[in-house]
Amino acid sequence: MGKSSIPLLGFMLLCCSAFVTEATYLKYKDPKQPLGARIRDLMSRMTLAEKIGQMVQIERSVATADVMKKYYIGSVLSGGGSVPAEKASAETWVKMVNYLQKGSLSTRLGIPMIYGIDAVHGHNNVYNATIFPHNVGLGVTRQRNGPKSSYMSIRDPQLIKKIGDATALEVRATGIPYAFAPCIAVCRDPRWGRCYESYSEDHKIVQAMTEIIPGLQGDLPANSKMGVPFVAGKKKVAACAKHYVGDGGTTKGINENNTVIDYHGLLSIHMPAYYNSISKGVATVMISYSSWNGKKMHANHELVTGFLKNKLKFRGFVISDWQGIDRITSPPHANYSYSVQAGVSAGIDMIMVPYNFTDFIDDLTYQVKKNIIPMSRIDDAVQRILRVKFVMGLFEDPLADLSLANQLGSQEHRELAREAVRKSLVLLKNGESADKPLLPLPKKAKMVLVAGSHADNLGYQCGGWTIIWQGLGGNNLTTGTTVLNAVKNTVDLTTKVVYNENPDAKFLKSNKFSYAIVVVGEPPYAETFGDSLNLTISEPGPSTISNVCGAVKCVVVVISGRPVVIQPYLAQIDAIMAAWLPGTEGQGVADVLFGDYGFTGKLARTWFKTVDQLPMNVGDAHYDPLFPFGFGLTTKPTKGN
């Protein structure tokens, strides 16, 4: 009796073990299973509450592990300037993201959340990150294809891709796997406050610049199906093409306003870069606040579902902008139930709520239960969200670590940003004639004046979307090199550099300067706060130009997010260059000013004479610019300067 009980016990344990193994095997958690099978298996297990939770993106400030668990929240974001602590380290970011992720993993099905952030010119919310030039500058880095062609191909196809790669590494260094970039708007009017987020007024340049997507996400495998999202592992991030569609074409450049254009115009100017983005496997697309011929894009079923999803075969997920569905009505949030119905029915899959998430969950749940919104629409949204999460490996590696912490603001990335600055500079005037150029400047001179409100101001150099949403003036927001310090780093040891932000006539007369560098431009701004009808250089910039350039040979460096009014000052300026919003690596400006590298940039935007001409784009019948699209003087590097 005793001898036979041991084999019997073993048999029973074996059966029990097999039962437990079978019971705990979850197909959706098996990476060896096909993607479609994993999605179907997980969907079959999900309740309505779990599905709707996946469609919700909430702001970091209202997110807790308990909230993630209780409401099955699918995504969290940091809005502009939303950080876990002032000057937070990579470790602080990683701890915060993992804390929230553990809340998601503790749910019944353990579906990981996806954390998103605006990384629109590097990892721009994070202290000590590399801040690259804004897109308006990156669009300049190209050359003409032929003398009769308006198409501008990028000079170094790898530059924009390398920037995407560096940005992905820095975003991942903080534990974040999703970047709301790139902005592929085609800005047709520089009065728009987001024009610096656009690469060009020419859709062909914007199309070429979608090469940043494989930089962010990784190169799409050769056998990939059209429209299927792709993210190549833990050193890459999910990208987001935005803002769909026509955001850069609004009347008078008014932010979030109405783009009046026929269907052919919409498809030929504002849509092409979306073809390229989808063909490169972009994971997500963000909808624009703007309207097309009076119809809010957040409520436009024809373009979101009919065109983007059905015609272009986009298989990733569609995300709203910040409180985007609220703004379907005017005033915003006036009829939230309608906004929920219109936005979700249009085909938006994930809603950037970002605060009042219980209102959204309750409203959407009610509308599904009352058959106002069909279950098929919910299933489409959740399938797309899960597809992205599976593809990027979040189920296998949901928690971040510190293995990439040394990538944040690395010297390699700063050198890349410096290169991008050099290639984004456009020389508009160089001396009174070609045989008497002022640039490149000599490094060896008795005394040099550096002046202007933007000469020693890292925040102005970086512009909006830097550390905080609107950007910030001064030198304390992050680490980098101002133009003034770049000049000091570059000139000969015997050259005396004098800095005076706004020198008067007496000061200028009492000093004998060899030449002056005047750095002026716009203050930082973002979105609607940047809308402008006058596009002027901010005070005291004009008076600084007049005072200095009237007394000393001068080069003016314009730091701005778009072309600004400069025609009244041109006659008294010896040389002038557009530096756009170069970011933290101001040394790139001095590299070219002093001839270590030559000027190569060509305008990706038309430079107007007066704002009365706007909108004015290359190819227009009334085209009469101060500097035409594609213009840019060149210089050659000098040795032994």
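Cut-offs and rules
Residues numbered from 1 in each chain as written. Predicted model: local features only at pLDDT ≥ 70, side-chain atom pairs only at ≥ 80, totals over all residues. Heavy atoms only, no water. 1 Å grid on protein atoms, 1.4 Å probe; cavity = no way out; pocket = protein on both sides within 12 Å on 5 of 7 lines; lining within 4 Å. Points joined across faces, edges and corners; volume = space filled by probe spheres on them. Helix = DSSP H or I, 4+ residues; strand = E, 2+ residues; numbered from the N terminus. Nonpolar A, V, L, I, M, F, W, Y, C, P; charged D, E, K, R; others polar. pLDDT = per-residue confidence, 0-100. Contact = heavy atoms within 4.5 Å. Pairing = 2+ DSSP bridges. Axes fitted to C-alpha atoms, helices over the stretch in contact; angles between N-to-C directions. Parallel < 35°, antiparallel > 145°, perpendicular 65-115°, else oblique. Left-handed = near helix turned anticlockwise from the far one by under 90°. Buried < 20%, exposed > 50% of the residue type's maximum accessible area, 1.4 Å probe, protein only. Salt bridge = Lys/Arg side-chain N within 4 Å of Asp/Glu carboxyl O.

Visitor: I'd love a proper account of empty space enclosed by the protein, names of residues and values included.
Guide: A complete count under the given rule lists five cavities of 30 Å³ or more for this structure. Forming the boundary of the largest cavity are 16 residues, of which Ala-119, Val-120, His-121, Asn-135 and Ile-212 lie nearest the centre. Put simply, the parts of the chain that give the lining of the largest cavity at least two residues each are α6 (135-138), α7 (157-173) and α9 (212-217). Considering only residue class, the lining of the largest cavity consists of twelve nonpolar, four polar and no charged. Looking at the second largest cavity, its volume works out to about 80 Å³. The residue makeup of the lining of the second largest cavity, split by class, is eight nonpolar, two polar and three charged.

Visitor: Requested: an account of the confidence of the model for the chain, with residues and values cited.
Guide: For the chain, mean pLDDT is 95; residues scoring 70 or higher make up 94% of the total. Here residues 1-6 scores under 50 on pLDDT; set against residues more than four positions off or in separate chains, the count is zero contacts.

Visitor: Any details on the sheet that holds strand β8 (residues 258-259)? Residues and values, ideally.
Guide: The sheet built from three strands is open, its strands ordered β8-β10-β11 with mixed pairing. Of all strands in the sheet, those bounded by a partner on one side alone are β8 and β11 (295-296). In the sheet, β8 pairs with strand β10 (residues 291-292) via two bridges, with the strands oriented parallel. Each residue of the ladder has a partner; that of Thr-259, found in β10, is Trp-292.

Visitor: I'd like a rundown of the packing of helix α2 (residues 35-45) against helix α15 (residues 375-391), residues and numbers included.
Guide: As a packed pair, α2 and α15 sit with axes 10 Å apart at the nearest point and diverge in direction by 130°. As judged from the angle between their axes, α2 and α15 are oblique. The two elements α2 and α15 cross, and the hand of that crossing is right-handed. Each of Leu-35, Arg-38, Ile-39, Leu-42 and Met-43 in α2 lies in contact with α15, whose residues at this interface are Asp-379, Val-382, Gln-383, Leu-386, Arg-387, Phe-390 and Val-391.

Visitor: Outline the pairing of strand β19 (residues 575-580), listing residues and values.
Guide: Counting buried residues in β19 gives six out of six residues, a clear majority hidden from the surface. Of the two faces of β19, the one carrying Ala-575, Met-577 and Ala-579 and the one carrying Ile-576, Ala-578 and Trp-580 are both buried. Sheet topology places strand β14 (residues 426-430) next to β19; four bridges connect them, and they run antiparallel. Each bridged residue has a counterpart across the sheet, and for Asn-430 the counterpart in β19 is Ala-575. With five bridges joining them, strand β18 (residues 554-559) and β19 adopt parallel strand pairing. Each bridged residue has a counterpart across the sheet, and for Val-555 the counterpart in β19 is Ala-575.

Visitor: Requested: an account of the pattern of salt bridges, with residues and values cited.
Guide: Where side chains of opposite charge bring their charged atoms close, a pairing between them can arise. The tally for this structure, following the rule as stated, stands at 29 salt bridges. Here Asp-379 makes a salt bridge to Lys-51, at a shortest N to O gap of 2.8 Å. Within this pair, whereas Asp-379 is found in helix α15, its partner Lys-51 is found in helix α3 (residues 48-54), the two being separated by 328 residues in sequence. Take Asp-379 and Lys-51: they sit in the same class, and that class is buried.

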